[in-house]
Amino acid sequence: GPALIDGRARARALQRRVACDVVRLAELGVRCGLATVLVGTDYAAGAYARRLERAAAAVGIEHRHHHLPAHASRGEVLELLARLGDDPLVSGILVLRPLPAHLDEGELFTALDPAKDIEAVHPENAGLLALGTPRFVPSTPASVFHLLDSWLDEAGTDRDAWYRGSTVCVVGRSNNVGKPLISLASARGATVVSCDENTSRTGRLARYTSLGDVLVVAAGVPGLIRAEHVAPGAVVLDVGINPVPEPATGRTRLVGDVDPGAVAAAWAATPVPGGVGPVTDVWLVQNTVLAAEEAAKRR
Ligand code: NAD
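Reading guide: rules and limits
Residues numbered from 1 in each chain as written. Predicted model: local features only at pLDDT ≥ 70, side-chain atom pairs only at ≥ 80, totals over all residues. UniProt positions renumbered as here; feature names shortened; annotations may be inferred. Domains from an automatic or database assignment. Core = buried A, V, L, I, M, F, W, Y, C linked by C-beta atoms within 7 Å. Buried ≥ 20, exposed ≤ 12 C-beta atoms within 10 Å, placed from the backbone. Helix = DSSP H or I, 4+ residues; strand = E, 2+ residues; numbered from the N terminus. Contact = placed C-beta atoms within 7 Å. Pairing = 2+ DSSP bridges. Axes fitted to C-alpha atoms, helices over the stretch in contact; angles between N-to-C directions. Near = placed C-beta within 6 Å. Nonpolar A, V, L, I, M, F, W, Y, C, P; charged D, E, K, R; others polar.

- The name given to the chain in an unreviewed UniProt entry is Bifunctional protein FolD, with Actinomycetospora cinnamomea as the source organism.
- The UniProt entry for the chain carries this comment under Function (unreviewed entry): "Catalyzes the oxidation of 5,10-methylenetetrahydrofolate to 5,10-methenyltetrahydrofolate and then the hydrolysis of 5,10-methenyltetrahydrofolate to 10-formyltetrahydrofolate."
- What UniProt records for the chain under Sequence similarities (unreviewed entry) is the sentence "Belongs to the tetrahydrofolate dehydrogenase/cyclohydrolase family."

Given below as structure tokens:
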């Protein structure tokens, strides 16, 4: 079988590095603060906020969670974002998704202070990323390439040359995951193939995914990727997190988008859970620290 890329171990290593940065900055009088904003009661978003609470505590930075009711008005949310933008103790702001239907996501993202927009959802930051000169790299795609880069380093490859000679196939093209993955693969000089739902409808998904020396899957469809989709020797990174009910126990289990049997002939693969997910939380906290450091330079 393939080598497993251990996300938990890499998340712990990253966390140690970020914790050191926090101490170094504190000695310079720079404080880091993460603000999360949840509008409504989405269960997964609430769970994510609690995970970030732990991730912030683990590296010693402040975290404040702002919970607005589902019926909060556009004005109320904009006012909160403005207040967080002005607050010198807040260095990073995350607006949790999904937002209630009456709120315009694009309007709220554009209202964020770009210097505190740690998920790079403001058009200025999304644009900088697309240009290959990111201010912040959004946490999920950043985690995918953190795992891939470190895997290639450990395997002793000349990473830059490897990317330039490789094809990266990305399945899924959302603004928060798929599109930034395409930008990051392009920035490394790879040949990039991008698939979405329409590719599956044409019945040609396997034709494109099997071109990938790297296959990154972020579709949100459990078991989408089977053995026929994966080139022998590929590195497979599974971003999907799908709750699947287990009738026997009455509980739900988390599975990825990649069928476990699909990677039998792969070079390496990330597990779910324990792959991309654990790195994501630490990365977001790291972006908060980076934002505080940049803000201090401007003062
Ligand atoms: P999304 O629903 O916004 O986008 C899904 C994308 O996949 C779309 O471009 C869609 O066209 C494509 N797609 C859907 N069905 C497909 C199919 N059958 N074949 C090919 N493409 C298909 O989702 P998202 O926010 O990008 O998240 C994707 C997955 O990643 C979800 O399972 C989500 O839970 C997970 N996720 C994980 C993390 C993490 O930290 N590991 C973070 C964010 C999202």
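1. Some points on the domain arrangement of the chain
No. 1: Domain boundaries in the chain define domain 1 (27-119) and domain 2 (139-278).
No. 2: Computed from C-alpha atoms alone, the centre-to-centre distance between domain 1 and domain 2 is 28 Å.

2. Brief notes about the nonpolar core
No. 1: The biggest cluster of nonpolar side chains holds 86 residues, and the ones touching the most others in it are Val216, Val217, Val236 and Val285.
No. 2: Per-element accounting of this core gives the leading share, 9 residues, to helix H11 (residues 276-298).
No. 3: Split by domain, the residues of this core number at least three in each of domain 1 (27-119) and domain 2 (139-278).
No. 4: In this view, valine 217 contacts Val171, Gly172, Leu224, Ile225, Asp238, Val239, Gly240, Asp257 and Val258; residues no more than four positions away in its chain are not counted.

3. A few points about the environment of aspartate 21
No. 1: Its place among the elements puts aspartate 21 in helix H1 (residues 7-27).
No. 2: C-alpha of aspartate 21 to C-alpha of serine 186: the two residues are 165 residues apart in sequence and 29 Å apart in space.

4. A closer look at the sheet that holds strand S2 (residues 33-39)
Pairing between the strands of a sheet comes from backbone hydrogen bonds, and it takes one of two forms, parallel or antiparallel.
No. 1: Strand order in the open sheet formed by 3 strands is S3-S2-S4, and the pairing between neighbours is parallel. On the outer flanks of this sheet lie strand S3 (62-68) and strand S4 (92-95), each paired with one strand and no other. Across this sheet, the average inter-strand angle for adjacent strands is 15 degrees, counted without regard to direction.
No. 2: In the packing of helix H2 (residues 43-59) onto the sheet, the strands contacted are S2 and S3, and the crossing angle to S2 comes to about 170 degrees.
No. 3: Those strands touched by helix H3 (residues 74-86) are S2, S3 and S4, and its axis lies near 165 degrees from that of S3.

5. Remarks on the sheet that holds strand S7 (residues 214-217)
No. 1: One open sheet holds the 6 strands; their spatial order is S1-S11-S8-S7-S5-S6, and the pairing between them is parallel. Sheet topology places strand S1 (3-4) and strand S6 (191-195) at the edges, where each strand pairs with a single neighbour.
No. 2: Packed on one face of the sheet, helix H8 (residues 178-187) meets strand S5 (167-171), S6 and S7 and runs near 175 degrees to S5.

6. Description of the site of the ligand
No. 1: Around the ligand, the structure places 26 residues, and the nearest of them are Gly172, Ser174, Glu197, Ser200 and Gly220.
No. 2: Every element with two or more residues in the shell around the ligand is listed here: helix H9 (197-201) and H11.
No. 3: Among the residues making up the shell around the ligand, the classes are represented as 11 nonpolar, 12 polar and 3 charged.

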